[in-house]
Amino acid sequence: MPAPRRLVVEADGGSRGNPGPAGYGAVVLDPDGAQTLAEAAEYIGVATNNVAEYKGLIAGLKAAKALFPDVPVQVHVRMDSKLVVEQMSGRWKIKHPDMKPLAAEAASILPASSVTYEWIPRNENKHADRLANEAMDAGRRGRQWEPSSSTAALDSPRPTPAAADPAGPPGDPVAGAAKVRAALAAARPASAAPQVGWGVAADLGAPATFFLLRHGETALTPEKRFSGSGGSDPELSAAGRHQAACAAEAFAARGTVQEIISSPLRRCRETAAAVADRLGLEVRIEDGLRETDFGAWEGLTFAEVRERHGADLTAWLGSADTAPTGGGESFAEVADRVSAARDRLIARCAGRTALLVTHVTPIKTLVRLALGAPPESLFRMELSPASVSTVAYYADGNPSLRLLNDTSHLR
């Protein structure tokens, strides 16, 4: 038996809406990653990011097999999807029913001993990412991606030599893709044709999607004491650490978070760290996400504030411009700070999904601003410890509230 041909597959997938119009991209490279042997991409209609990423993996493995049908291949897969890499490596369980058949299909293409997996940062997966976006762009026009229009190699950090590979097919992604397309077409159902006409959602581009995670409990939380940014900086309690771990598992299973951003306060940093450790990401600090400064009310219960500062409390409840006793922040001041942070983060995370770990008032403020609701709506929302809310921000300036106070991961 001939020695196995060693190949690298890089794959990615994306969804503009999650779920929304989706596509995948995959590239087959030589072992050094210096030569592109084949590219594959496809618009797959409405799907989630995770489905698109699995589809990209499947296409990449099929492409590698199709290039060398008569010799064994040894494939090293590189993807920026922690979910796909960990599930296909057998380290994470596959719980979502949509993922199980896709994972099974991917596992059936080549022997398990012939495939290894590696997670890479998103900026090292630009070639496949560009292919996926080209596929989604083609789908928006009612077409399928064509290899002749590929510009994906422009985003690749590696050189792509024009010379042919003497040990295999030409080092030409167009020629390689023709061979791959023939292999993929036989397995593609007719229903995979791109959606056209009224069935296609308006293409506003992929939004900046923010998961808003309230920190886990501290010792002050069950006692319902004011706990802002002007008093002590409490750590998570045992219950809070458990809540953070549950949130981490939930976001790992979801597999869509690409960046984690936290308030500078300790309870948020500890919650964010639990998720970051599970997802293999770093935590970026955003000062604008800190909790309100409650001034002299820090550490007091509502009843204690009513007893000691009754007139000030009544004024605070009646006006967003009134600050707590002792030089705290008004809700209007918090809204200015939070909206400025929001705008910075939207620009930073355009088209991506980020987890914002923050506090009650910033989350309620983001929700209120997304809905265009008045300031008094802050007192009409419930936000439990370690709850998740979601807001997406589209390129036309319109936000979309998708979830509020979800605690299902804690049950």
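Residues numbered from 1 in each chain as written. Predicted model: local features only at pLDDT ≥ 70, side-chain atom pairs only at ≥ 80, totals over all residues. Heavy atoms only, no water.

As recorded in an unreviewed UniProt entry, the chain goes by Phosphoglycerate mutase and comes from Streptomyces clavifer.

Asker: Could you give an account of the sheet that holds strand E11 (residues 399-406), naming the residues involved and the relevant values?
Answerer: A sheet is described by the order of its strands in space; here six strands give the open sequence E8-E7-E9-E6-E10-E11, paired in mixed fashion. The sheet terminates laterally at strand E8 (283-285) and E11, the two strands that pair on one side only. Strand-to-strand, the axes of this sheet are offset by a mean angle of 20°, without reference to chain direction. Alignment of strand E10 (residues 388-393) against E11, held across five bridges, turns out to be antiparallel. Counterpart to Val391 in the pairing with E11 is Leu401. Across the face of the sheet, helix H7 (residues 266-279) comes into contact with strand E6 (208-214), strand E7 (259-262), E8 and strand E9 (353-358) while running at roughly 170° to E7. Against the sheet, helix H10 (residues 331-348) makes contact with E6, E7, E8, E9 and E10, and its axis sits at roughly 130° relative to E6, the strand it touches most. (Pairing = 2+ DSSP bridges. Helix = DSSP H or I, 4+ residues; strand = E, 2+ residues; numbered from the N terminus. Axes fitted to C-alpha atoms, helices over the stretch in contact; angles between N-to-C directions. Contact = heavy atoms within 4.5 Å.)

Asker: Which residues make up the pairing of E10, and what values do they have?
Answerer: Judged by how many residues are buried, E10 sits mostly within the fold: six of six residues are covered. Burial along E10 is two-sided: the face carrying Val388, Thr390 and Ala392 and the face carrying Ser389, Val391 and Tyr393 are both buried. (Buried < 20%, exposed > 50% of the residue type's maximum accessible area, 1.4 Å probe, protein only.)

Asker: Pulling in residues and values, what's your account of the confidence of the model for the chain?
Answerer: Fine structural detail should not be taken from predicted coordinates in areas where pLDDT scores are low. Mean pLDDT for the chain: 86, with 86% of residues reaching 70 or above. In this model residues 157-174 is a low-confidence stretch, pLDDT under 50, and it forms 43 contacts with partners more than four residues away in sequence or in other chains. (pLDDT = per-residue confidence, 0-100.)

Asker: Can you explain the packing of aromatic side chains? Please cite residues and give values.
Answerer: Counted by the stated rule, this structure contains nine aromatic pairs. Ring centres of Phe210 and Tyr393 lie 5.4 Å apart, and the angle between their planes is 55°; this geometry places the pair in the tilted category. With a gap of 183 residues between them, Phe210 in strand E6 and Tyr393 in strand E10 connect regions that are remote in the sequence. Judged by relative accessible area, which is 8%, Tyr393 ranks as buried. Linked through ring pairs, Phe226, Phe294, Trp297, Trp316, Phe331 and Phe379 together constitute an aromatic cluster. Positioned over the ring face of Trp119 is Lys82, at 5.5 Å from the centre of the ring. (Phe/Tyr/Trp six-rings, centres within 6.5 Å; stacked < 30°, edge-to-face > 60°. Lys NZ or Arg CZ within 6 Å of the ring centre and 35° of its normal.)

Asker: Which residues make up H10, and what values go with them?
Answerer: End to end, H10 covers 25 Å across 18 residues, agreeing with the expected 26 Å (1.5 Å per residue, within 8%). Burial in H10 covers these residues: Phe331, Val334, Ala335, Arg337, Val338, Ser339, Ala341, Arg342 and Leu345. (Expected span 1.5 Å × (residues − 1).)

Asker: Summarise unusual backbone geometry; cite the residues concerned and give the values.
Answerer: Positive phi, close to 55°, is recorded for Lys224, a residue that is not glycine. As for its position among the elements, Lys224 is in the loop between E6 and helix H6 (238-254). Residue classification places Lys224 among the exposed positions, given a relative accessible area of 67%.

Asker: Break down the pairing of E7 for me, citing the residues and quoting the values.
Answerer: Of the two faces of E7, the one lined by Glu259 and Ile261 and the one lined by Ile260 and Ser262 are each fully buried. Alignment of E7 against E9, held across four bridges, turns out to be parallel. Of the residues in E9, the one forming a bridge with Ile261 is Leu356. With H7 bridging E7 and the parallel E8, this β-α-β connection has right-handed handedness. (Right-handed = clockwise from strand over helix to strand, strands pointing away.)

Asker: Could you give an account of the side chain of Gln243, naming the residues involved and the relevant values?
Answerer: Turning to its location among the elements, Gln243 is positioned in helix H6. With near-sequence residues (within four places) excluded, Gln243 lies in contact with Gly216, Glu217, Pro385, Ala386 and Leu410.

Asker: Could you give an account of the pattern of salt bridges, naming the residues involved and the relevant values?
Answerer: Under the defined criterion, the tally for this structure stands at 21 salt bridges. Among the ionic pairs, Glu86 bridges to Arg91, the shortest N-O distance being 2.7 Å. A relative accessible area of 8% means that Glu86 is categorised as buried. Taking the relative accessible area as the measure of exposure, Arg91 reaches 52% and is therefore exposed. Across the salt bridge formed by Arg278 and Glu249, the nearest N and O atoms sit 2.7 Å from each other. Of this pair, Arg278 sits in helix H7 while Glu249 sits in helix H6, and the two are 29 residues apart along the sequence. Exposure remark for Arg278: the relative accessible area of 22% places this residue in the partly exposed category. Via salt bridges that share partners, Glu10, Arg78, Glu118 and Glu124 belong to a single interconnected network. (Salt bridge = Lys/Arg side-chain N within 4 Å of Asp/Glu carboxyl O.)

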